[in-house]
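As a plain string of letters, each chain reads:
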Amino acid sequence: MSIDELFDFNFYCPSFLNIRTKLEGLQPFKLRKYQSDFVNFVNDINGPKRIIVLKPRQAGFSTLVSSLFCHKMFTEEFFQGIAMADKHGRTQSIANIYRTFYEELEPALKPNCSILNSEQIFFDV
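Residues numbered from 1 in each chain as written. Predicted model: local features only at pLDDT ≥ 70, side-chain atom pairs only at ≥ 80, totals over all residues. Heavy atoms only, no water.

Caption draft 1: How the structure looks around the pairing of strand β1 (residues 18–21). Two strands pair when backbone bridges link them, and β1 and strand β2 (residues 25–28) are joined in this way by four bridges, in the antiparallel orientation. Among the inter-strand pairings, I19 is bridged to a residue of β2, identified as Q27. Where β1 folds back on β2, the antiparallel hairpin that results is connected by three residues. (Pairing = 2+ DSSP bridges. Helix = DSSP H or I, 4+ residues; strand = E, 2+ residues; numbered from the N terminus.)

In structure tokens:
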């Protein structure tokens, strides 16, 4: 593995990020075609990215956005992002996605975390 591969989301995601599935438990996060298309769309935007996604339930966009943010948080200094949900319970489930990504990350790649709760994640600089 090269250092460049760590900064390549398409390599990093299935190699290092794990999700909890309903049927198979903990699994590598392999993107579906429409998720990969969305990543390409986001990467083609120059400048600040402000994206609103109207999505069906259970389509994997919350997990995808969480994985994009986690990749940035785990590999870049001073990255800031915000994710919002319409209901408190949904906020908790999104926080659990972030927690799983962090807790299941290989120790050598895991940044030191000073805050990890349902509202915030801060890594030591």
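Caption draft 2: Structural detail: the packing of aromatic side chains. Under the criterion given, the structure shown has 10 aromatic pairs. Taking the centre distance of 5.7 Å and the plane angle of 75° together, the rings of F74 and F123 count as edge-to-face. With F74 in helix α4 (residues 61–75) and F123 in strand β4 (residues 121–123), this pair connects stretches of sequence that are 49 residues apart. With respect to burial, F74 and F123 carry one shared label: buried. Ring geometry for Y102 against F123: centres 5.6 Å apart, planes inclined by 40°, an arrangement best described as tilted. (Phe/Tyr/Trp six-rings, centres within 6.5 Å; stacked < 30°, edge-to-face > 60°. Buried < 20%, exposed > 50% of the residue type's maximum accessible area, 1.4 Å probe, protein only.)

Caption draft 3: Structural view of a positive patch on the surface. Together, K22, K55, R57 and K87 make up a positively charged patch on the protein surface. Checked against the element boundaries, R57 lands in the loop between α3 (33–43) and α4. R57 gets classed as exposed once you look at its relative accessible area, which sits at 64%. (Patch = residues over 30% accessible without salt bridge, like charges linked within 9 Å, V, L, I, M, F, W, Y side chains within 5 Å. Areas by Shrake-Rupley, 256 points an atom, 1.4 Å probe, with all protein chains shown as cover. Salt bridge = Lys/Arg side-chain N within 4 Å of Asp/Glu carboxyl O. Lys, Arg positive; Asp, Glu negative; His and termini not counted. Charge placed at Lys NZ, Arg CZ, Asp CG, Glu CD.)

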